[in-house]
Amino acid sequence: LIPWDICENVPEDFDRTLRKSNFPMVIGDMAFKRGNYVQAALAFRDALDRKERATPAGAFAFGDALIALRNYRFAERNIRAGLSMAPKWADRLDRHGVYGPGVAGKKGDLEKHLAEVEQFTKDYTKTASGWFLLGYLRMTSGDVGLREKAAEAFEALLSLQPGDELATRYLDLLRQEKLEIGSDPVGSDPVNPLAGR
């Protein structure tokens, strides 16, 4: 699942250290926040391999690391696995927090990875995994404007795969949010918001 040709910066004893650890998710999170995405992917994969620790959070984390490594097909597979375990999580996820300042003080690469996925969808317009990931990243970016643009990605995905249940669910959710934001509550008064209550 990992493009091993980019693993040249992984210390030789990293795998042995990881296997001894009871906290692969913590190790993965620290590596991710430092920008060591290969080490993060290895740690997150290890967490998922330990069946008792296979959680939605682990699947999302592994998927995020694979996005950073531009392994979009397997990233989509893992993120979908996480969403199948906890379908409502995408409504609440904030990937910006995952990319936030890490232990080394390095600012995350969310914008960079989002731009790379956007370029991938431009280069490979018929590849469903790119559109799914673009919708997922936009929806979970923590940015209201990007969240609204997630609908475009899910619409493109549905044009390729009309029966995609997750894309349909999130597109419906985003449309409902837009309707709720765009309409005034009954009895609202712009001068006195408490009027009519």
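Refer to the preceding data block for the structure.
Now for a description of the structure that goes with this document. (Residues numbered from 1 in each chain as written. Predicted model: local features only at pLDDT ≥ 70, side-chain atom pairs only at ≥ 80, totals over all residues. Heavy atoms only, no water.)

### So, the pattern of salt bridges
The criterion, for reference: A side-chain nitrogen of Lys or Arg and a carboxyl oxygen of Asp or Glu constitute a salt bridge if their distance falls within 4 Å. Runs of E in the DSSP output that reach at least two residues are strands. Runs of H or I that reach at least four are helices, and both are numbered from the N terminus. A 1.4 Å probe rolled over the protein chains alone gives each residue an accessible area, and that area as a share of the maximum for its type sets the label: buried under 20%, exposed over 50%, partly exposed in between.
Evaluated as defined, the whole model comprises 10 salt bridges. Notably, a salt bridge pairs Lys-33 with Asp-29, separated by 3.7 Å at the nearest N-O pair. With Lys-33 and Asp-29 both in helix α2 (residues 24-33) and 4 residues apart, the pair spans about one turn of that helix. Residue classification places Lys-33 among the partly exposed residues on the basis of a relative accessible area of 23%. Among the ionic pairs, Arg-80 bridges to Glu-76, the shortest N-O distance being 2.9 Å. Of this pair, Arg-80 and Glu-76 both sit in helix α5 (residues 72-85), 4 residues apart, which is roughly one turn of that helix. A single network of salt bridges, built from pairs that share partners, joins Arg-70, Lys-112 and Glu-116.

### Looking at the nonpolar core
Note the threshold: Take the buried Ala, Val, Leu, Ile, Met, Phe, Trp, Tyr and Cys residues and link them wherever side-chain atoms come within 4.5 Å; each set so joined is a nonpolar core. Contacts are residue-level and defined by heavy atoms, with any inter-residue pair within 4.5 Å sufficient.
Core analysis: the biggest nonpolar cluster contains 47 residues, and Ile-67, Ile-79, Phe-132, Leu-133 and Phe-154 have the highest contact counts within it. Of all the secondary-structure elements, those providing two or more residues to this core are α2, α3 (37-49), α4 (56-68), α5, α7 (110-123), α8 (128-139), α9 (144-160) and α10 (165-182). If you tally residues by element for this core, the top one is α8, at 8 residues. Not counting chain neighbours up to four residues away, the residues in contact with Ile-67 comprise Tyr-72, Ala-75, Ile-79, His-113, Val-117, Leu-133, Tyr-136 and Leu-137.

### Looking at the side chain of Arg-138
Looking at the element boundaries, Arg-138 is found in helix α8. On the accessibility criterion, Arg-138 (7% relative accessible area) is buried. Ignoring anything within four residues of it in the chain, the contact list for Arg-138 reads Leu-114, Glu-118, Asp-143, Leu-146, Arg-147, Lys-149, Ala-150, Glu-152 and Ala-153.

Read these as spatial facts, not as claims about activity.
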